[in-house]
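Fold and geometry: a report
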Amino acid sequence: GAVVSQHPSWVICKSGTSVKIECRSLDFQATTMFWYRQFPKQSLMLMATSNEGSKATYEQGVEKDKFLINHASLTLSTLTVTSAHPEDSSFYICSASLRGGGNQPQHFGDGTRLSIL
Amino acid sequence: GENVEQHPSTLSVQEGDSAVIKCTYSDSASNYFPWYKQELGKGPQLIIDIRSNVGEKKDQRIAVTLNKTAKHFSLHITETQPEDSAVYFCAAPYDTGTASKLTFGTGTRLQVTL
């Protein structure tokens, strides 16, 4: 149980294009989904928190217009990296929880490796 | 917010030995502490978690202990196997009032050698 699917797993694209990453909870309804960024050999850095049907809450220093998040249903959240540039290359990981996040398990997808040429 | 410190950053043990990873946290109101295992190129996998109303929880070869007074919790892996080699992260929650989030430790790279 508690399976989170993330797609695509790997993206390579040219600078200036926009990339959409999907995060789905397959066997449970996720009230809250989280988006993280992870640099090589580093910990997870929370980018934003999204609740179904409401606007995402972004962490300090994360550009809202650059990283668009949509949580349209209880099983799907998307992250769109707009006008991506090489510095946006990273490993992006989503997680989902039943309610809240801190006191309920967060279940992670397998991440999306984004490479911008 | 929450500050989580994790030690050691790297740990090498021989197969069959035990491994212990320790974390400290700063927010005394925190009451949920998960541990994640991350293999190369994959997302973190929840392996065990503990709530503040218990001091220890065990699941086969994995155990977590919690000392609320000292604000630290530890992961114990016994009879280590090569497949235990991975990066392990501890985490603790902080509640912003609108959503509870997790702060992660810096990770421990565990290497189990034959």
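Let me begin by describing the structure that accompanies this report. Residue numbers run consecutively from 1 along every chain, following the written order of its sequence. Lettering of chains starts at A and numbering of ligands starts at 1, both following the order in which they are written. Since the coordinates come from a predicted model, pLDDT governs what is reported: local features require at least 70, and pairs of side-chain atoms require 80 or more to be given and counted, while whole-chain, interface and lining totals use all residues. Where side-chain values are given, they derive from all heavy atoms of the structure, hydrogens and water being excluded.

1. Structural notes on the overall build of chain A
In DSSP terms, a helix is any run of H or I states spanning at least four residues, a strand is any run of E spanning at least two, and both are numbered starting from the N terminus. Each helix and strand counted, chain A has zero helices and 11 strands in total. Taken against the 2.2 N^0.38 rule, which gives 13 Å for 117 residues, the C-alpha radius of gyration of chain A at 13 Å falls within 12% of a compact globule. Considering only C-alpha atoms, chain A reaches an extent of 35 × 25 × 25 Å along its principal axes. The buried label applies to any residue whose accessible area, calculated with a 1.4 Å probe on protein chains only, is under 20% of its type's maximum; exposed applies above 50%, and partly exposed to all values in between. Sorting the 117 residues of chain A into buried and exposed places 53% on the buried side. Only heavy atoms enter the contact rule, under which two residues are in contact if any of them lie within 4.5 Å. Taking the contacts inside chain A whose residues are at least 6 apart along the sequence as the reference set, 56% of them involve residues at least 24 apart. Surface accessibility of chain A: about 5,600 Å² in total, with carbon and sulfur atoms responsible for 51%. His is not counted, nor are the chain ends, whereas Lys and Arg count as positive and Asp and Glu as negative. A charged residue contributes its charge at one atom only: NZ of Lys, CZ of Arg, CG of Asp or CD of Glu. The centroid of the 10 positive side-chain charges in chain A is displaced by 2 Å from the centroid of its 9 negative side-chain charges. In this treatment the radius of gyration is a C-alpha quantity, and the globule benchmark scales as 2.2 Å times the residue count to the 0.38 power. Accessible surface area values rest on a Shrake-Rupley calculation with a 1.4 Å probe, where residue burial reflects the displayed protein chains alone.

2. Some remarks on the sheet that holds strand β8 (residues 72-77) of chain B
All names here are of chain B. With respect to topology, five strands assemble into an open sheet ordered β1-β3-β8-β7-β6, the strand pairing being antiparallel. The open sheet has two free edges, formed respectively by β1 (4-7) and β6 (56-59), since each of these has just one partner strand. Taking each pair of neighbouring strands and ignoring which way they run, the sheet shows an average axis angle of 15°. If DSSP finds at least two bridges between two strands, the strands pair. Note that strand β3 (residues 19-25) and β8 share six bridges and pair antiparallel. Within the sheet, the bridge partner assigned to Val20 lies in β8 and is His76. Here an axis means a line fitted to C-alpha atoms, over the contact stretch when the element is a helix, while the angle between two N-to-C directions is reported on a 0 to 180 degree scale.

3. Overview of the state of the cysteines
All names here are of chain A. Here, the term disulfide refers to a pair of cysteine sulfur atoms separated by no more than 2.5 Å. Within the structure shown, the criterion is met by two disulfides over all chains. Disulfide partner of Cys23: Cys94, at an S-S distance of 2.0 Å. In this structure, the disulfide formed by Cys23 and Cys94 twists by about 80° around the S-S bond and is classed as right-handed. Here the residue Cys23 occupies a position in strand β3 (residues 19-25), and Cys94 occupies one in strand β9 (residues 90-97), the gap between them amounting to 71 residues. Take Cys23 and Cys94: they sit in the same class, and that class is buried.

4. Here's the deal with the packing of aromatic side chains
How two aromatic rings sit relative to each other is set out by the distance from centre to centre and by the angle between their planes. Here a pair means two rings of Phe, Tyr or Trp (six-membered ring of Trp) with centres within 6.5 Å. Their orientation is stacked below 30 degrees between planes, edge-to-face above 60, and tilted elsewhere. Per the stated rule, a full pass over the model turns up 10 aromatic pairs over all chains. Between the aromatic rings of Tyr36(A) and Phe104(B), the centroid separation amounts to 5.6 Å while the plane-to-plane angle is 90°, which identifies the pairing as edge-to-face. Within this pair, whereas Tyr36(A) is found in strand β4 (residues 32-38), its partner Phe104(B) is found in strand β10 (residues 100-104), the two belonging to separate chains. A single burial state applies to Tyr36(A) and to Phe104(B), both of which are buried. Plain terms: the ring middles of Phe33(B) and Phe73(B) are 4.8 Å apart, the flat faces sit at 45° to each other, and that makes the pair tilted. With Phe33(B) in strand β4 (residues 32-38) and Phe73(B) in strand β8, the pair connects residues that are 40 residues apart, well separated along the chain.

5. Concerning the sheet that holds strand β1 (residues 4-7) of chain A
Residues and elements named next belong to chain A. Taken in spatial order, the four strands of this open sheet run β1-β3-β8-β7, and their pairing is antiparallel. The open sheet terminates on both sides in strands that have one partner only, identified here as β1 and β7 (67-73). Pairs of neighbouring strands in the sheet enclose a mean axial angle of 15°, with direction left out of account. Note that β3 and strand β8 (residues 76-81) share six bridges and pair antiparallel. Residue pairing across strands places Ile21 opposite Leu79, the latter belonging to β8.

6. Concerning the nonpolar core
In summary, soluble globular proteins display a tendency toward joint burial of nonpolar side chains. Of all hydrophobic cores here, the largest spans 25 residues; its most connected members are Trp35(A), Tyr58(A), Phe67(A), Ile69(A), Leu79(A), Tyr92(A) and Leu114(A). Going through the elements one at a time, β2 (10-13), β3, β4, β5 (44-51), β7, β8, β9 and β11 (112-116) of chain A are the ones with two or more residues in this core. Within the second largest apolar cluster, 24 residues are counted, among which are Val4(B), Trp35(B), Ile47(B) and Ile50(B). The nonpolar core is taken to be a set of buried Ala, Val, Leu, Ile, Met, Phe, Trp, Tyr and Cys residues, with the residues joined through side-chain atoms within 4.5 Å.

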